[in-house]
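Each chain is listed here by its residues.
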Amino acid sequence: MALTASFEGIALQDLTQVRRIDPMLRQIVEAVSEGRVRAHLEALIRPRDPYAGYTSMEAAADFIAETLRGCSLHLVEERFRCEGRWYRNVIASQPGSCRDGQVLIVAHYDTVPNSPGADDNASGVAGLLEVAGVLARYRFKHDLVFIAFALEEYGNPGSLYYVERAKACDAAIRGVFDLEMIGYLGQTQAVPPGIQAPAVGDFIGVVGNRRSEELVSLFKETAAMVVPSLPVQALVVEGNGENLPLVRQSDHTPFWEAGYPAVMITDTAFLRNPHYHLPSDTLDTLNLPFLRQVTAATAASAALLAGFA
Ligand SMILES: [Zn+2]
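Definitions and cut-offs
Residues numbered from 1 in each chain as written. Predicted model: local features only at pLDDT ≥ 70, side-chain atom pairs only at ≥ 80, totals over all residues. Heavy atoms only, no water. Buried < 20%, exposed > 50% of the residue type's maximum accessible area, 1.4 Å probe, protein only. Helix = DSSP H or I, 4+ residues; strand = E, 2+ residues; numbered from the N terminus. Pairing = 2+ DSSP bridges. Right-handed = clockwise from strand over helix to strand, strands pointing away. pLDDT = per-residue confidence, 0-100. Contact = heavy atoms within 4.5 Å. Expected span 1.5 Å × (residues − 1). Axes fitted to C-alpha atoms, helices over the stretch in contact; angles between N-to-C directions.

Peer 1: It is not clear to me how the pairing of strand 6 (residues 204-209) should be interpreted in this structure. Could you clarify?
Peer 2: Regular strands show a simple pattern: their side chains alternate between the two faces of the sheet. Strand 6 sits mainly inside the fold: six of its six residues count as buried. Neither face of strand 6 is open: one carries Ile-204, Val-206 and Gly-208, the other Gly-205, Val-207 and Asn-209, and all of them are buried. Where strand 6 lies against strand 7 (residues 232-237), six bridges are found, and the strand directions are parallel. Bridging from a neighbouring strand, Val-206 pairs with Ala-234 of strand 7. Between strand 6 and its parallel partner strand 7, the chain crosses via helix 8 (residues 213-226), and the hand of that crossover is right-handed. Where strand 6 meets strand 8 (residues 262-266), three bridges bridge the pair, whose relative direction is antiparallel.

Encoded structure:
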């Protein structure tokens with residue numbers, strides 16, 4: 001990828017050096033606000049499941065829509081029916097100057113029952129909303145599309161529905177950044193057999209398949225440049241991850257299946273976070289400086305993939 005290749009050989013230690021490379025990238029990274037991320041989290045965290053949490057799930061969708069509309073983005077609510085009930089994906093887009101490609105930032109907003117879902121996945125949605133707000137101040141060549149998916153926890157019918165329609169109209173998706181639990185740091189890190197990773201859960205993971213290898217590199221190299229103190233572990237799986245089912249457990253998988261490049265950006269979920277899918281998945285367990293760094297790396301990567309106009 002030309003953009004990342006042009007940064008090769010530049011050893012960056014801190015933001016001072018980023019300033020010399022690309023002032024717009026620096027501005028984007030510095031604009032990402034921990035305070036706003038916290039405010040988004042506070043608005044979202046409570047059970048948001050389709051059963052006892054239905055009202056809060058709908059309130060979360062309203063909050064997401066309102067926040068994205070507040071960034072002056074074009075908003076569409078994509079409604080789909082599942083087991084006799086209607087659900088919605090909240091989609092906001094910022095048209096690019098070329099209109100010949102799309103960069104997607106996605107996260108699911110539902111939870112399992114009886115979990116307030118702070119890390120899973122208010123963290124991803126809060127990151128998405130912050131990226132949307134910061135990037136709305138710039139113009140890009142390609143479209144930016146922000147999607148909060150419903151029902152990821154229930155076999156991801158929300159992202160399946162979206163991808164089916166995107167594929168049918170031959171959407172030119174350049175890459176998908178799926179934010180799937182991005183707020184937890186842990187002393188211990190479980191690692192599946194055959195995977196190389198540190199024993200301490202202090203890194204963010206970026207997972208792609210072969211078709212998404214350039215996207216994995218883009219995120220890793222961009223993070224190293226703009227937030228050099230954030231450790232990133234990259235994993236590229238064969239096929240669509242069939243031999244490692246846990247890497248398929250989010251909304252990026254329908255994009256892989258449809259042949260689109262997509263990465264899951266994740267703190268590795270239950271391999272690290274003991275509160276996964278429990279009532280104890282609360283705001284006080286999250287590490288907000290870490291969440292801010294991951295959000296900043298995502299914003300910068302999406303900006304590079306979308307291309308400054
Ligand atoms: Zn999740």
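Past the structure itself, the notes keep going.
Peer 1: Can you walk me through the confidence of the model for the protein in this structure?
Peer 2: Regions with low pLDDT should not have their predicted coordinates read in detail. Residue-level pLDDT values for the protein average 92, and 93% of them are 70 or greater. Here residues 1-20 is modelled with pLDDT under 50, and outside its nearest four sequence neighbours on either side it reaches 27 contacts, counting other chains as well.

Peer 1: Could you clarify how one ought to interpret helix 6 (residues 118-135) in this entry?
Peer 2: Along an α-helix, a turn takes 3.6 residues, which lines up residues three or four apart on a common side. In this model, helix 6 (18 residues) spans 24 Å end to end at C-alpha, consistent with the 26 Å of a helix rising 1.5 Å per residue. Among the 18 residues of helix 6, 17 are classified as buried, and the element is accordingly described as predominantly covered.

Peer 1: Mind showing me how you'd approach the sheet that holds strand 1 (residues 74-82) here?
Peer 2: Strand pairing in a sheet is mediated by backbone hydrogen bonds. Such pairs are either parallel or antiparallel. Sheet architecture is open: eight strands sit in the order 1-2-4-3-5-8-6-7, paired in mixed fashion. Strands with a single pairing partner mark the edges of an open sheet, and in this sheet they are strand 1 and strand 7. For this sheet, the mean angle separating the axes of adjacent strands, direction not counted, is 20 degrees. Both strand 5 (residues 173-179) and strand 8 contribute to a ladder of four bridges, which runs parallel. Bridge pairing in strand 8 links Asp-178 to Met-264.

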